[in-house]
Amino acid sequence: MAKKQKKHLNFHYWGVGTRYIGIMMLFLLTIAPTVAQITTIAEIDLDRIRRSTVYIMQTRTVAGIPIVTCVGSGTLIDRSGLIVTNSHNTVTNSACTGDTIVISLSILPNEPPVPSYYAEVAQADIGQDLALLRISRELSGRVVNSDALALPFVELGDSSLVNLDQTITIVGYPNVGNSSVESLRGTVGSFISEPIGGDRAWMKTDTPIPGTMTGGGVYNQQGQLIGIPT
């Protein structure tokens, strides 16, 4: 019996590099179940978070070859394939000129992500650098039935409960697709409010974070998603 072969896509990286940035994280103002409040930081399910963290490539095709124009990380927040990430590396703009979004999944621990799906931008907020993606097609081009998907996803937390000097965990991909998911530990240094309305929308940390981890996830001590690095 012949062994079934996995389909592999080869991408050419054009002008994509890794940079380290002083990070700002946008809050996700959502309500979390209170039962998780008793969980300690030592009990965070990092394996589930790893499997829920995706690597995102914005691409365009030149002479039949997919060229990667921008990369970043993202997080699955629903079993049907909803992904929250940054808008700056997924929405087409002067710096990111691609027209297709490829989603790579973390299949095995300690291994690079595997290209698995195409996605589309369902909603975006350029000013807050947020985008919601929806997985739409398999790599073969076949349309995905979202109701039939059973992807790993993380729980959303209540970011209004975050305090100064609180420990946070930052998760994403540290480079242009050659490494597995990485987690960093940091603390909240300050908050920044939106100019209009006065509600705090951003938190800051001085933890050095690779640029390709932007769009990934920031987690509280209960392992709930509370922010997006940008």
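See the structure printed just above.
Note that the structure is predicted; figures quoted are calculated from it, not measured. (Residues numbered from 1 in each chain as written. Predicted model: local features only at pLDDT ≥ 70, side-chain atom pairs only at ≥ 80, totals over all residues. Heavy atoms only, no water.)

Undergrad: Which parts of the structure should I look at to understand the state of the cysteines?
TA: Applying the stated criterion across every chain yields a total of 1 disulfide. Covalent S-S linkage joins Cys70 and Cys96, the inter-sulfur distance amounting to 1.8 Å. One disulfide, between Cys70 and Cys96, carries an S-S torsion of -80 degrees and so falls in the left-handed class. Here the residue Cys70 occupies a position in strand 4 (residues 65–76), and Cys96 occupies one in the loop between strand 5 (82–85) and strand 6 (100–105), the gap between them amounting to 26 residues. Each member of the pair, Cys70 as well as Cys96, is classed as buried. (Disulfide = S-S within 2.5 Å. Helix = DSSP H or I, 4+ residues; strand = E, 2+ residues; numbered from the N terminus. Buried < 20%, exposed > 50% of the residue type's maximum accessible area, 1.4 Å probe, protein only.)

Undergrad: Sorry, what's going on with the pairing of strand 14 (residues 225–229) here?
TA: Walk down a regular strand and you will see the side chains alternate between the two sheet faces. Burial runs high along strand 14: 5 of the 5 residues are buried. Summarising the sheet, strand 13 (residues 217–219) and strand 14 pair through 2 bridges and their orientation is antiparallel. Bridge pairing links Val218 to Gly227 in strand 14. In this antiparallel pair of consecutive strands, strand 13 and strand 14, the connection spans 5 residues, and Gly223 shows a positive phi of 75 degrees. (Pairing = 2+ DSSP bridges.)

Undergrad: Just to check I follow, could you spell out the pattern of salt bridges for this structure?
TA: Oppositely charged side chains may form a pair once their charged atoms are brought near each other. Counted according to the given criterion, the structure contains 2 salt bridges. Between Arg50 and Asp47 there is a salt bridge, with the nearest N and O atoms lying 2.8 Å from each other. Taken together, the residues span about one helical turn, with Arg50 and Asp47 both in helix 1 (residues 46–52) at a distance of 3 residues. Overall, Asp47 belongs to the partly exposed group, its relative accessible area being 37%. In this structure, Asp47 and Arg51 form a salt bridge, with 3.2 Å as the shortest nitrogen-oxygen distance. You can see Asp47 and its partner Arg51 sitting in helix 1, 4 residues apart, about one turn around the helix. By relative accessible area, which is 29% here, Arg51 ends up partly exposed. (Salt bridge = Lys/Arg side-chain N within 4 Å of Asp/Glu carboxyl O.)

Undergrad: So what exactly am I meant to see when it comes to a nonpolar patch on the surface here?
TA: A cluster of nonpolar side chains, namely Ile107, Leu108 and Val114, defines an oily patch on the protein surface of about 230 Å² accessible area. Within the fold, Leu108 resides in the loop between strand 6 and strand 7 (114–125). For Leu108, a relative accessible area of 44% gives the class partly exposed. (Patch = residues over 30% accessible without salt bridge, like charges linked within 9 Å, V, L, I, M, F, W, Y side chains within 5 Å. Areas by Shrake-Rupley, 256 points an atom, 1.4 Å probe, with all protein chains shown as cover.)

Undergrad: For this particular structure, what's the right way to read the packing of aromatic side chains?
TA: Counted by the stated rule, this structure contains 1 aromatic pair. Both rings, one in Tyr55 and one in Tyr173, keep their centres 5.5 Å apart while their planes meet at 70 degrees; by these two values the pair is edge-to-face. On the criterion of sequence distance, the pair formed by Tyr55 in strand 3 (residues 53–62) and Tyr173 in the loop between strand 9 (167–172) and strand 10 (182–187) is long-range, its members being 118 residues apart. By relative accessible area, which is 1% here, Tyr55 ends up buried. With relative accessibility at 1%, the residue Tyr173 sits in the buried group. Its guanidinium or amino end placed over the ring of Phe153, Arg48 lies 5.2 Å from that ring's centre, counting from NZ or CZ. (Phe/Tyr/Trp six-rings, centres within 6.5 Å; stacked < 30°, edge-to-face > 60°. Lys NZ or Arg CZ within 6 Å of the ring centre and 35° of its normal.)

Geometric descriptors of this kind do not, in isolation, establish any biological role.
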